[in-house]
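Report on the structure
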Amino acid sequence: MSATSTKLSLTTKVMIGMGAGFVLGVILNMLQIGWINTNIVGGFFGMVGRMFVNALQMLVVPLVFFSLICGVAGIGDIRILGRVGGRSFALYLLTTATAIAVAILIALVVAPGTGFTIEGVDTSGVTGKEAPTVWETFAAIVPRNPVASFAAGEMLQIIFYTIILGVAALMLGERSTTFVDACEYMNELMMKVVEIVMAFAPYGVFCLIAKTFTEQGIGLFLPVMTYVLVLVGALLLHLFVTLMFYLKVFSGLDPFMFMRKIRPAQIFAFSTASSNATIPVTLRAVTERMGVKNSVASFTVPFGATINMDGTAIMQGVATVFLANVYGIDLGIGGYLTVIGMAVLASIGTAGVPGVGMVMLTMVLGQVGLPIEGIALILGVDRLMDMIRTAVNITGDAVVTAIVAKTEGQIDMDVYRDPTAGVVIDDLHIDPEAEAELAAHAQRPAE
């Protein structure tokens, strides 16, 4: 056996770290040893996990900026750019609306929360947020101060400004060659920084998962088990059925190969619970693993991480039905249609960071007249649910990216069909001829 074949892929290492973190976290939660929970879990694990997430978020703004500039320059035609943007926006709204509609239907059939008692639940400190109008939502896309938007990480504003800058560079023609070349170099440089950060991913994921399960445990699920089961079921249905149906119908791409290649990004999304922090990994998966051209991926991935909230929309639909049943309030068809519209609207411009789903839920509940204090019933399990729905969110981003790329002829099908393309073997090296993947592929029957 050669040295290369004995090496584990980065994805395998991350999955091992995630599994080990889960086991250790559950054990420590049951033992409840004070000094370990305080110093090791809250201290060391918290520090390493936060450092890893910060490192990922550190990459997002410069990577999106330089990658998007290169993407706009690579498209070269403003009309094509508008077509790509329009298709992406329409598909993201379609998947989000479908997600919450299906979630509400499932929840109405199962009826979670019926007969639930709310005695003894602490509802203090739960505050709502007023829902913005559709005009306010779209007006906020244009930044008043681009520098402040970059500093604050306001992704929609950053995308808007960068596209305007890229279009202006196209209009200047050959005079922008030096600027575009510099951006291409910086984009390559940032991708190399991504590789360096990814080398520490197994350890960061281990600490994040261990800390989460030590603090949360599994006992929190019991009182709201019906809510959890319905939510997880709806998320998995959307992930494996709805999104794959759209992928097959609109692009003709193989869903099984897609799921195999998006797995690394799903793992990172699950561990960080942040769509924005997962942008570098998602970009890498769709470009190097699937063969999507950077001219499309550099636009659709960060755009999707900002406005595409399929998993969050599903949570809002299930949570709304759950709380309506708990309080014995009949929302009616009009109320649920309002929930669908509000969820789609709220997803536009909402930051892809952990916990933002709860803020969005307060707007939805306030709009349909449900007590905002009811959020306290599901707040305890939200962190773990957030991890699952973030994985669904970034899968939706990748699905739309693949669809748009296929319809625009901006995907290398040889790369997409190759199961070994872009496989990470060494911590800092991408080896497309990875022996471990080739050995597994060789055992499969020829297509």
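Structural data are supplied above this passage.
Scope of this entry: the structure provided in the associated data block. What you see is a predicted model; the values in this text were computed from it and never measured. The residue numbers shown here count from 1 along each chain, following its written sequence. Restriction of local features to residues with pLDDT of at least 70 applies here, the model being predicted, together with a cutoff of 80 or more for giving and counting side-chain atom pairs; totals for whole chains, interfaces and linings are based on all residues. Water and hydrogen atoms play no part in the side-chain values, which are based on all heavy atoms of the structure.

Okay, the environment of Leu31 next. With respect to the helices, strands and loops of the structure, Leu31 is situated in helix H1 (residues 10–31). For Leu31 and Thr214, which are 183 residues apart along the polypeptide, the C-alpha to C-alpha distance reads 9.5 Å. What counts as a helix is a DSSP run of H or I of at least four residues, what counts as a strand is a run of E of at least two, and both are numbered from the N terminus.

As a further point, take the packing of aromatic side chains. Stacked, edge-to-face and tilted labels apply to pairs of Phe, Tyr and Trp rings (six-membered ring for Trp) whose centres lie within 6.5 Å, assigned for plane angles under 30 degrees, over 60, and everything in between, in that order. Applying the stated criterion across every chain yields a total of 12 aromatic pairs. Here Tyr227 and Phe322 contribute two aromatic rings whose centre-to-centre distance is 5.3 Å and whose plane-to-plane angle is 45 degrees, an arrangement assigned as tilted. Of the two residues, Tyr227 sits in helix H9 (residues 225–251) while Phe322 sits in helix H13 (residues 310–326), which places them 95 residues apart along the sequence. Phe322 matches Tyr227 in its accessibility class, with the two residues each being buried. Positioned over the ring face of Tyr416 is Lys261, at 6.0 Å from the centre of the ring. Any residue under 20% of the maximum accessible area for its type is buried, any over 50% is exposed, and the rest in between are partly exposed; the area is computed with a 1.4 Å probe on protein chains only. By definition here, charges over rings are those cases where NZ of Lys or CZ of Arg is within 6 Å of the ring centre and within 35 degrees of the ring normal.

This part covers the pattern of salt bridges. By definition here, a salt bridge exists when the distance from a side-chain nitrogen of Lys or Arg to a carboxyl oxygen of Asp or Glu is within 4 Å. In the structure shown here, the tally under the stated rule is four salt bridges. Residue Glu408 pairs with Arg83 through a salt bridge whose shortest N-O separation is 2.9 Å. Placement of the pair is Glu408 in the loop between helix H17 (382–407) and helix H18 (413–417) and Arg83 in helix H3 (residues 78–110), with a sequence separation of 325 residues. Residue classification places Glu408 among the buried residues on the basis of a relative accessible area of 15%. Overlapping salt bridges, with partners in common, bring together Arg83, Arg87 and Glu408 in one network.

Fair warning: the whole summary comes from geometry, so function is off the table for now.
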